[in-house]
Amino acid sequence: MKDLNNELIDLAPEVREAVESGKGVVALESTIIAHGMPYPQNVETALEVEKIIRSEGAVPATVALMDGKFKVGLSSDEIDMLGKAGSDVIKCSRRDLPFVLARKIPGATTVAATMIGAAIGGIKLFATGGIGGVHRGAPATFDISADLEELARTDVAVVCAGAKAILDLPLTLEYLETRGVPVVGFGTEELPAFYTRSSGLGVDYRVDSEAELAHALNIKWKLGLAGGVVIANPIPKEYSMEPEHVTDAIEQALDEMHEKGIKGKESTPFLLARITELTEGSSLFSNIKLVHNNARVAARTAMELAKYES
Ligand code: PSU
Ligand code: MN
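Summarised in this report is the structure supplied together with it. (Residues numbered from 1 in each chain as written. Chains lettered and ligands numbered in written order. Predicted model: local features only at pLDDT ≥ 70, side-chain atom pairs only at ≥ 80, totals over all residues. Heavy atoms only, no water.)

**Some thoughts on the overall build of the chain**
At step 1: Of regular secondary structure, the chain possesses 13 helices and eleven strands.
At step 2: Computed over the C-alpha atoms, the radius of gyration of the chain is 18 Å, within 12% of the 19 Å expected from 2.2 N^0.38 for a compact globule of 310 residues.
At step 3: Dimensions of the chain along its principal axes, counting C-alpha atoms only, are 50 × 40 × 35 Å.
At step 4: Sorting the 310 residues of the chain into buried and exposed places 55% on the buried side.
At step 5: When the accessible area of the chain is evaluated, it comes to approximately 13400 Å², of which 52% is carbon and sulfur surface.
At step 6: The distance from the centre of the 31 positive side-chain charges to the centre of the 44 negative ones in the chain is 4 Å. (Helix = DSSP H or I, 4+ residues; strand = E, 2+ residues; numbered from the N terminus. Rg over C-alpha atoms; globule rule 2.2 N^0.38 Å. Buried < 20%, exposed > 50% of the residue type's maximum accessible area, 1.4 Å probe, protein only. Areas by Shrake-Rupley, 256 points an atom, 1.4 Å probe, with all protein chains shown as cover. Lys, Arg positive; Asp, Glu negative; His and termini not counted. Charge placed at Lys NZ, Arg CZ, Asp CG, Glu CD.)

In structure tokens:
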């Protein structure tokens, strides 16, 4: 059993009880709230996602940094605060954790940092929208999300809708392959591309149920194979976008990003916000729907995985 009494960790009582008794728990990130969506849809989505997880019998644990502690399990007031503060809150990946905790300022955790918080808290499943990856142009810019390295080292499975075409999807898959991270298609053989169900790229394994997924996850960690798993869950058909509509918005957003000289950690938030504007909110609507869908699969998988704990 994990040492959950570390002074730098603040587990919500409900989350602690669930982890200690081997119940299903799902971690959720806070960068998607502060930097990934506008207010108030960000807060509405975060709260709805928690509700969906509960309706499947699991316990949600939204992660963020507050008051010098890694908080695992936020209250709705804390979620509201992060959602209202938006980009005034620091976007925190692995490298940011010690400094933001030392300063006792609020921090929104990315996929990488949320995986770290989840692992410290003993949580194996994490639901989000999209993971970071190898950016287009990375062979020249070296812009590769720290999410990929975290997936290589931290034992948390991330349910996402694939990765957006703001990234270089083939290079992202190559990177994950090199680092030994399985990419699993949930009910599909193809890597979904976030707003759309297909990318033309294959996944490593297709699984068709949460039970099948939990079985393989349990084997991975029982063997001591460190690292996470990408569970790519396609957006439901009724909410997926027209591929051309998305491609045009992405291309334009990328051009504007280059013109403005936006780089580093600002890139992803800029692109997400600009794509929402360019698609007049339809990308935001799809984004919200796919997050709901991922929360459901993560919760069901957490419930299946919990069967191995008892
Ligand atoms: N992709 C999305 N929505 C998001 C993010 C990525 O579709 O909100 C966020 C996640 O928090 C992810 C982070 O971990 O952006 C990746 O940022 P970067 O590329 O700077 O590592
Ligand atoms: Mn980057």
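There is more to say, and it comes next.
**Points about empty space enclosed by the protein**
At step 1: The final tally for this structure, using the stated rule, is two cavities of 30 Å³ or more.
At step 2: For the largest cavity, the lining is made up of 14 residues, of which E29, I32, A46, V49 and V291 are closest to its centre.
At step 3: For the lining of the largest cavity, the elements supplying multiple residues, two or more each, are α2 (31-34), α3 (41-55) and α13 (282-309).
At step 4: If one sorts the elements of the lining of the largest cavity by residue count, α3 sits on top with four residues.
At step 5: Looking at the lining of the largest cavity residue by residue, the class counts come to nine nonpolar, four polar and one charged.
At step 6: There is about 50 Å³ of room inside the second largest cavity.
At step 7: Together, I131, C160, G162, A163, L169, T172, L173, L176, V183, L191 and V230 line the second largest cavity.
At step 8: With four residues, helix α9 (residues 169-178) is the single largest residue contributor to the lining of the second largest cavity.
At step 9: Here the residues of the lining of the second largest cavity sort into nine nonpolar, two polar and no charged. (1 Å grid on protein atoms, 1.4 Å probe; cavity = no way out; pocket = protein on both sides within 12 Å on 5 of 7 lines; lining within 4 Å. Points joined across faces, edges and corners; volume = space filled by probe spheres on them. Nonpolar A, V, L, I, M, F, W, Y, C, P; charged D, E, K, R; others polar.)

**As for a nonpolar patch on the surface**
At step 1: On the surface, I219, L223 and L225 cluster together into a nonpolar patch covering about 300 Å² of accessible area.
At step 2: By relative accessible area, L225 is classed as partly exposed at 44%. (Patch = residues over 30% accessible without salt bridge, like charges linked within 9 Å, V, L, I, M, F, W, Y side chains within 5 Å. Salt bridge = Lys/Arg side-chain N within 4 Å of Asp/Glu carboxyl O.)

**Describing the packing of aromatic side chains**
At step 1: Evaluation of the coordinates by the stated rule reveals two aromatic pairs.
At step 2: Geometrically, the ring pair formed by F194 and Y195 is edge-to-face, given 4.8 Å between the ring centres and 90 degrees between the ring planes. Of the two residues, F194 and Y195, both sit in the buried class.
At step 3: Taking 5.8 Å as the distance between ring centres and 75 degrees as the angle between the ring planes, the aromatic pair formed by Y239 and F285 counts as edge-to-face. (Phe/Tyr/Trp six-rings, centres within 6.5 Å; stacked < 30°, edge-to-face > 60°.)

By themselves, these figures tell us nothing about what the structure is for.
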